[in-house]
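These are the residues of each chain, in order.
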Amino acid sequence: MSTATQRLILRMADDELILAHRHSEWTGMGPLLEEDIAFSSIAQDKLGHAQALYQILHDQFEAPVPDAQAFGRNEATFTCCQFVELPNGEYDFSLVRHFLFDTAEYLRYGMLGKSTVEPLAKLARKVHGELKYHLYHAQTWIIQLSSQGTEESKARMQTALNEAWPYALGMFDPKDDDAALSADGVFPGEQALEDAWRASVADICAKATLVVPTDTAAMLGGRKGFHTEYLQPMLDEMTEVYRIDPSAEW
Amino acid sequence: MATIISLDPRVTRLSIEADAPAEQVITPEMDQFQTYEVFHQPKSGAHHVHVGSVHAPTPELALLLAKEQYARRGQTHNLWVVSTAHVITMSSGDADVFETTPEKKYRDVAAYMVRNKVDAFKKAQNTQGEEHQS
């Protein structure tokens with residue numbers, strides 16, 4: 001039986017791992033050399049966060065070693081939200097997802113800096129600077145391609161934002177653990193995070209002259225192991241080498 | 001129509017026709033973003049040293065991209081980016097103005113034989129001291 005804290009750390013780790021892999025699919029194919037390197041570097045950072053979170057689960061909650069958690073699990077046991085599994089599509093969608101996810105990630109780790117779970121608070125404070133850069137990267141591109149861009153680039157950003165929105169709302173699922181997490185001083189909760197996220201996203205959208213989409217039903221299910229058709233093929237590809245020899249050392 | 005099968009599954013997924021005639025893409029001249037020169041400062045107070053350049057549409061994006069190109073490894077305190085167009089330089093045809101520089105040894109500290117004079121002075125001082133003692 002897992003605790004609210006374990007569930008929180010696992011869903012954070014799974015989100016980071018899956019999005020890191022999606023981002024890394026741009027490596028070598030980015031829109032310009034400098035951006036290819038920057039985006040790959042961001043992907044690598046996210047993988048590092050996932051690794052650190054799986055390590056906390058291993059050290060504090062008797063979970064297997066990080067590699068086994070990342071590469072040795074079935075699709076149904078992954079608790080990532082569906083948002084991070086979606087294929088990259090074109091660069092507009094990847095950038096919008098990067099912006100929406102990293103805004104939440106930056107705020108989440110900011111809140112966790114004061115967590116009573118000491119290893120989590122320590123990690124949150126350690127990665128604060130790199131998350132700040134990720135957010136700065138995302139916001140600068142969003143504004144550049146919208147209010148400073150061409151008619152086509154702005155239309156593409158708005159379309160990608162509209163498509164991403166219901167999936168993005170799924171990042172703040174579930175809220176059932178909010179009361180327990182907040183009572184123990186672990187984390188103020190997904191609802192508090194979503195509120196802060198909406199304010200921050202609205203602020204950047206205003207600067208980018210983008211329209212914040214109207215809410216439609218959030219795409220849920222990922223946290224309970226119900227995933228889109230895109231996750232399994234991605235896991236097959238991601239775990240291919242590991243499955244050949246799980247005990248191999250690198 | 002056969003498509004390209006690559007060891008990289010991402011390439012395979014693109015379904016590129018294997019025997020399609022190679023299209024010649026002619027891009028307009030200067031079909032690139034402008035460049036910015038990047039200066040890296042390893043710690044507070046140190047000189048900013050030129051480390052290379054980046055392509056970017058705006059100064060803000062140049063700084064953003066320079067961070068990952070030139071400051072993702074090793075210690076960094078700050079970065080400067082400067083539009084390449086703002087760099088004033090000599091024309092390569094004028095390199096002859098520097099030609100005699102290596103010969104001007106009298107502009108080097110090493111060219112001055114001060115050591116002999118210092119040694120002579122010290123010796124004189126010591127001799128004087130000995131005279132007082134005796």
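Read on for a plain summary of the structure. (Residues numbered from 1 in each chain as written. Chains lettered and ligands numbered in written order. Predicted model: local features only at pLDDT ≥ 70, side-chain atom pairs only at ≥ 80, totals over all residues.)

1. Details of the overall build of chain A
Along its length, chain A carries 11 helices and 0 strands. When the helices and strands of chain A are placed in sequence order, the string is α-α-α-α-α-α-α-α-α-α-α. Its C-alpha atoms give chain A a radius of gyration of 18 Å, near enough to 18 Å, the size a compact globule of 250 residues would have. The principal-axis extent of the C-alpha atoms belonging to chain A is close to 55 × 45 × 35 Å. Within the span of chain A, comprising 250 residues, buried residues form 42% of the whole. (Helix = DSSP H or I, 4+ residues; strand = E, 2+ residues; numbered from the N terminus. Rg over C-alpha atoms; globule rule 2.2 N^0.38 Å. Buried ≥ 20, exposed ≤ 12 C-beta atoms within 10 Å, placed from the backbone.)

2. Overview of the interface of chain A and chain B
The partner chain B presents 14 residues to the 14 residues of chain A that form the contact. Among the elements of the structure, helix H2 (33–61) and helix H6 (128–145) of chain A are those that each provide at least two residues to the side of chain A that touches chain B. Each residue belonging to the side of chain A that touches chain B can be placed in one class, and the counts come to 6 nonpolar, 4 polar and 4 charged. (Contact = placed C-beta atoms within 7 Å. Nonpolar A, V, L, I, M, F, W, Y, C, P; charged D, E, K, R; others polar.)

3. Let's talk about the sheet that holds strand S1 (residues 35–41) of chain B
Residues and elements named next belong to chain B. One open sheet accounts for 3 strands, arranged S2-S1-S3; its pairing is antiparallel. Taken across any chain shown, the strands that pair with only one partner, and hence form the sheet edges, are strand S2 (49–55) and strand S3 (78–83). Sheet twist, expressed as the mean angle between neighbouring strand axes with direction ignored, is 30°. Here S1 runs beside S3; their pairing, made up of 6 bridges, is antiparallel. When the bridges of S3 are listed, Glu 37 appears paired with Val 82. Strands in contact with helix H2 (residues 59–70) are S1, S2 and S3; relative to S3, the strand with the most contacts, it is inclined by about 130°. (Pairing = 2+ DSSP bridges. Axes fitted to C-alpha atoms, helices over the stretch in contact; angles between N-to-C directions.)

4. Comments concerning H2(B)
In this model, H2(B) (12 residues) spans 16 Å end to end at C-alpha, consistent with the 16 Å of a helix rising 1.5 Å per residue. Turning to H2(B), its buried residues number three or more, namely Leu61(B), Ala62(B), Leu64(B), Leu65(B), Ala66(B), Lys67(B) and Glu68(B). In this fold, the buried residues of H2(B) make contact with H2 and H6 of chain A together with S1, S2 and S3 of chain B. (Expected span 1.5 Å × (residues − 1).)

5. Focus on the nonpolar core
The tendency in soluble globular proteins is for nonpolar side chains to be buried as a group. In this structure, Ile9(A) and Ile142(A) are the most contacted members of the largest nonpolar core, which totals 78 residues. Not counting the four nearest positions on each side in its chain, Ile142(A) is found in contact with Leu95(A), Phe99(A), Met157(A), Ile204(A) and Ala208(A). (Core = buried A, V, L, I, M, F, W, Y, C linked by C-beta atoms within 7 Å.)

6. Topic: helix H1 (residues 4–24) of chain A
Between its terminal C-alpha atoms H1(A) stretches 30 Å, which fits the 30 Å expected from 21 residues at 1.5 Å a residue. Most of H1(A) sits out of view: 18 of its 21 residues are buried.

7. A closer look at the packing of H2(A) against helix H5 (residues 118–126) of chain A
Residue and element names in this part refer to chain A. Interaxial distance between H2 and H5 falls to 10 Å at its minimum, and their mutual angle equals 160°. With respect to H5, the element H2 is oriented roughly antiparallel. Both H2 and H5 take part in a crossing whose hand is right-handed. Across from Ala 52, Ile 56, Asp 59 and Gln 60 in H2, the residues of H5 making contact are Pro 119, Leu 120 and Leu 123. Residue composition of the contact of H2 with H5, grouped by class: 5 nonpolar, 1 polar and 1 charged. (Parallel < 35°, antiparallel > 145°, perpendicular 65-115°, else oblique. Left-handed = near helix turned anticlockwise from the far one by under 90°.)

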